[in-house]
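Take a look at the letters that make up each chain.
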Amino acid sequence: MSEVPLAIVVGVARNGVIGREGGLPWRSRADLARFRATTMGKPLIMGRRTFQSLPGALDGRANIVLSRDATFAAPGVEVAHSFAGAIRLGEAAAKRLGADEICVIGGASLFTEALPQAERIYFTEIEAEPQGDVFFPDFDRGPWREVAREALTARKGDTASAVFTILERG
């Protein structure tokens, strides 16, 4: 269990899809802006495939990549080889950054591991049902209460609108 609260940050289509072929199967600039604002200044824990879907380490945040590959290394990231190790790196980064939580940003297996420990979920429901090959794990919403909700209207060039919610355990 983490000394610093653990949060999940995820965009999920109505059909549970969170990814396709190493990327997002939708475009929502409002969701990307919300993601940046939510995670800025915080440690991020992500799997290697999630990291490789990004253009590189995300600025203004501590990037922690969980990989079973003992040789994996990338500029601007710390590498962990277990979820517990990633949490320890996240706690140290949170103290260094003065952050009030650690954010898990994907992929599916990391979300599965984080759900029992998470205290908050920044949940963006993408109002679409795209084809995909990665899905958010099923979870019981019973222990979660919605504390915030905001519509994210699609803009020119976007493929979907969305609804951003914050869920807290308890």
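Above this text you will find the structure in question.
Throughout what follows, the structure given in this document is the object of discussion. A quick note: this is a predicted structure, and the numbers were derived from the prediction, not measured. (Residues numbered from 1 in each chain as written. Predicted model: local features only at pLDDT ≥ 70, side-chain atom pairs only at ≥ 80, totals over all residues. Heavy atoms only, no water.)

## Some words on the pairing of strand β10 (residues 162-169)
The two faces of a sheet get side chains in turn, since along a regular strand they alternate between them. Counting buried positions along β10 gives seven out of eight residues, so the element sits mostly inside the fold. Pairing geometry for strand β7 (residues 120-126) and β10, over seven bridges, is antiparallel. Looking at the pairing, I126 lines up with A162 of β10. By the bridge criterion, eight bridges tie strand β9 (residues 144-152) to β10 in an arrangement that is antiparallel. Looking at the pairing, A151 lines up with V163 of β10. (Buried < 20%, exposed > 50% of the residue type's maximum accessible area, 1.4 Å probe, protein only. Helix = DSSP H or I, 4+ residues; strand = E, 2+ residues; numbered from the N terminus. Pairing = 2+ DSSP bridges.)

## Digging into the nonpolar core
Formed by 27 residues in total, the largest nonpolar core has its most connected members in I8, V10, I45, V104, I121 and F136. For this core, the secondary structure elements donating two or more residues are β1 (6-13), β4 (62-66), α3 (83-97), β6 (102-106), α4 (108-114) and β7. Excluding residues that lie within four positions of it along the chain, V10 makes contacts with I18, F111, I121, Y122, F123, T124 and F136. Core analysis: the next-biggest nonpolar cluster, separate from the first, contains 24 residues, V65, I105, Y122 and A160 among them. (Core = buried A, V, L, I, M, F, W, Y, C linked by side-chain atoms within 4.5 Å. Contact = heavy atoms within 4.5 Å.)

## Section: the side chain of T39
Mapping T39 onto the fold places it in helix α1 (residues 29-39). For T39, a relative accessible area of 0% corresponds to the buried category. Within the structure, T39 has its side chain in polar contact with the backbone oxygen of F35 (distance 2.9 Å). A distance of 2.9 Å separates the side chain of T39 from the side chain of R61, its partner in a polar contact. (Polar contact = N/O pair within 3.5 Å; in protein donor to acceptor, adjacent residues only side chain to side chain.)

## Some thoughts on the pairing of β1
Among the eight residues in β1, eight count as buried, and that is most of the element. Residues L6, I8, V10 and V12 line one face of β1 and the alternating positions A7, V9, G11 and A13 line the opposite face, and both faces are buried. Two strands pair when backbone bridges link them, and β1 and β6 are joined in this way by three bridges, in the parallel orientation. Within β6, the position partnered with L6 by the bridge is I102. Relative to β7, β1 is paired through seven bridges, and the arrangement is parallel. In the strand pairing of β7, G11 is matched with T124.

## Focus on α3
One turn of an α-helix holds 3.6 residues; hence residues three or four places apart share an orientation. Under the 1.5 Å per step criterion, the end-to-end length of α3 is 20 Å for 15 residues, consistent within 8% with the ideal 21 Å. When we look at burial in α3, the residues that qualify are F83, G85, A86, I87, G90, E91, A93 and A94. Lining the buried residues of α3 we find β1, β3 (43-47), β4, β5 (77-80), β6 and α4. (Expected span 1.5 Å × (residues − 1).)

## Some remarks on the pattern of salt bridges
Taken as a whole and assessed by the stated rule, the structure comprises eleven salt bridges. When the shortest N-O distance is used, the salt bridge between K42 and E101 registers 2.6 Å. Highlighted residues: K42 in the loop between α1 and β3 and E101 in the loop between α3 and β6, separated in sequence by 59 residues. Summarising the burial analysis for this pair, K42 and E101 share the class buried. With a shortest N-O distance of 2.9 Å, R120 and E168 are connected by a salt bridge. (Salt bridge = Lys/Arg side-chain N within 4 Å of Asp/Glu carboxyl O.)

Everything listed here is a matter of coordinates, which is why it stays silent on function.
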